[in-house]
Amino acid sequence: MTAERTGLAALERLLTEHDEPHLTPEAFKAVFRRHPAGVAVVALLDDDGPVGFTATSVISVSAAPPLLAFSVASTSSCWPALSRTRTLAVSFLADGQDDVSARFATHGIDRFAAGGWTALPTGEPVVDGAVSWVRARVVQRTPVGDSYLVSLRALESGVAEVEAGDAASPLVYLDRTYHRLGEDTAI
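What counts and what doesn't
In this convention, every chain numbers its residues from 1, walking through the sequence in written order. Reporting of local features is limited, given that this is a predicted model, to residues whose pLDDT is at least 70; pairs of side-chain atoms are given and counted only at 80 or more, and all residues count toward the totals for whole chains, interfaces and linings. Calculation of side-chain values draws on the structure's entire complement of heavy atoms; hydrogens and water are dropped beforehand. Exposure classes here rest on a 1.4 Å probe applied to the protein chains alone. A residue is buried below 20% of its type maximum, exposed above 50%, and partly exposed in between. Strands here are runs of E lasting at least two residues and helices are runs of H or I lasting at least four, both read from the DSSP assignment and numbered beginning at the N terminus. One bridge is not enough; two strands pair if DSSP finds at least two bridges between them. For this analysis, a polar contact is any N or O atom pair within 3.5 Å, provided that within protein one partner can donate a hydrogen and the other can accept it, and provided that sequence-adjacent residues contribute only side-chain to side-chain pairs. Contact definition: two residues touch when any of their heavy atoms are within 4.5 Å. Here a salt bridge means any side-chain nitrogen of Lys or Arg lying within 4 Å of a carboxyl oxygen belonging to Asp or Glu. Centres within 6.5 Å are what make two rings of Phe, Tyr or Trp a pair, Trp counting through its six-membered ring; a difference in plane orientation under 30 degrees is then read as stacked, over 60 as edge-to-face, and the rest as tilted.

## Examining the pairing of strand β6 (residues 87-92)
Here's step 1: β6 sits mainly inside the fold: 5 of its 6 residues count as buried.
Here's step 2: Relative to strand β9 (residues 132-144), β6 is paired through 6 bridges, and the arrangement is antiparallel. Paired with Thr87 across the two strands is Arg137, which belongs to β9.

## Things to note about the side chain of Glu124
Here's step 1: Within the secondary structure layout, Glu124 lies in the loop between β7 (117-119) and β8 (125-127).
Here's step 2: On the basis of relative accessible area, Glu124 is assigned to the buried category, the value being 2%.
Here's step 3: Polar side-chain contacts of Glu124 include one of 2.5 Å to the side chain of Thr87.
Here's step 4: Within the structure, the side chain of Glu124 is placed 2.3 Å from the side chain of Thr122, a separation counted as a polar contact.
Here's step 5: Filtering out sequence-adjacent residues up to four positions away, Glu124 remains in contact with Thr87, Leu88, Ala89, Thr118, Ala119 and Arg135.

## What about unusual backbone geometry?
Here's step 1: The amide bond that connects Ala64 to the next residue, Pro65, takes the cis arrangement and shows omega of 0°.
Here's step 2: In this fold, Pro65 is placed in the loop between β4 (59-62) and β5 (67-73).
Here's step 3: Of note, Arg176 is a non-glycine position whose phi angle comes to about 65°, a positive value.
Here's step 4: By secondary structure assignment, the location of Arg176 is in the loop between β11 (171-174) and β12 (177-180).
Here's step 5: On the accessibility criterion, Arg176 (56% relative accessible area) is exposed.

## Let's talk about the sheet that holds β12
Here's step 1: Spatially, 3 strands are ordered β1-β11-β12 in an open sheet, and the strand pairing comes out antiparallel. Looking at which strands have only one partner, the edges of the open sheet turn out to be β1 (37-38) and β12.
Here's step 2: In terms of strand pairing, β1 meets β11 through 2 bridges, oriented antiparallel. Residue pairing for β11: Ala37 is matched across the bridge by Tyr173.

## Topic: the pattern of salt bridges
Here's step 1: Tallied over the entire structure, the rule returns 5 salt bridges.
Here's step 2: Salt-bridge contacts for Arg180 lead to Asp95; the nearest nitrogen and oxygen are separated by 3.3 Å. Of this pair, Arg180 sits in strand β12 while Asp95 sits in the loop between β6 and α4 (98-105); the two residues are 85 residues apart in sequence, bridging distant segments of the chain.
Here's step 3: Given a relative accessible area of 54%, Arg180 falls into the exposed group.
Here's step 4: For the salt bridge of Arg135 with Glu156, the shortest nitrogen-to-oxygen distance reads 3.4 Å. Of the two residues, Arg135 is situated in strand β9 and Glu156 in strand β10 (residues 147-159); the sequence distance between them amounts to 21 residues.
Here's step 5: Overall, the relative accessible area of 11% leaves Arg135 in the buried class.
Here's step 6: Overlapping salt bridges bring together Glu124, Arg135 and Glu156 as one network.

## Some words on the packing of aromatic side chains
Here's step 1: Considering all chains together, one arrives at 6 aromatic pairs under this definition.
Here's step 2: Plain terms: the ring middles of Phe28 and Phe32 are 5.0 Å apart, the flat faces sit at 45° to each other, and that makes the pair tilted. One end of the pair is Phe28 and the other is Phe32, both in helix α2 (residues 25-33) and 4 residues apart, which spans about a single turn.
Here's step 3: The exposure class of Phe28 is partly exposed, given its relative accessible area of 47%.
Here's step 4: Aromatic side chains Phe104 and Phe112 sit 5.0 Å apart centroid to centroid with 85° between the ring planes, which places their arrangement in the edge-to-face category. The residues Phe104 and Phe112 share a single accessibility class, namely buried.

Here it is in structure tokens:
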């Protein structure tokens, strides 16, 4: 049994020991459909070429040291490449990039074939026009439930150049719909 599977088995035993009522997967998803999330594309360079997927689970963990994380399903077609990569890039999408998000969330296609990305000098793909991006080193892959929490150390970043008074707005996902933030949404 792999160390990752052993960790998952230990979590399952712990949850069983706490025999208590809990949410069904459907109820849990209903809660998080009402929680807005920024949209990012996680991408890396594997032996067979670029690999990437859409993620709404990217979180800031620590500023010192600079750490971030995201979760990915263990059944994801990207997991084999993620399980062995040392570095990757996270592109935080702009509000006009809902088509990019949809493309990187689609199964069974070459997500990079349509272009719209640039390889960093180190090889990781970054989405063109993203609000910002972070190149990071994988520091930990933790099995949690039916997913992995992938923890990263930020190595370098880029922020979209903006014209005077024209700041890039992030793409937001809420209740299965894309949204944009604007001056009229500020409180």
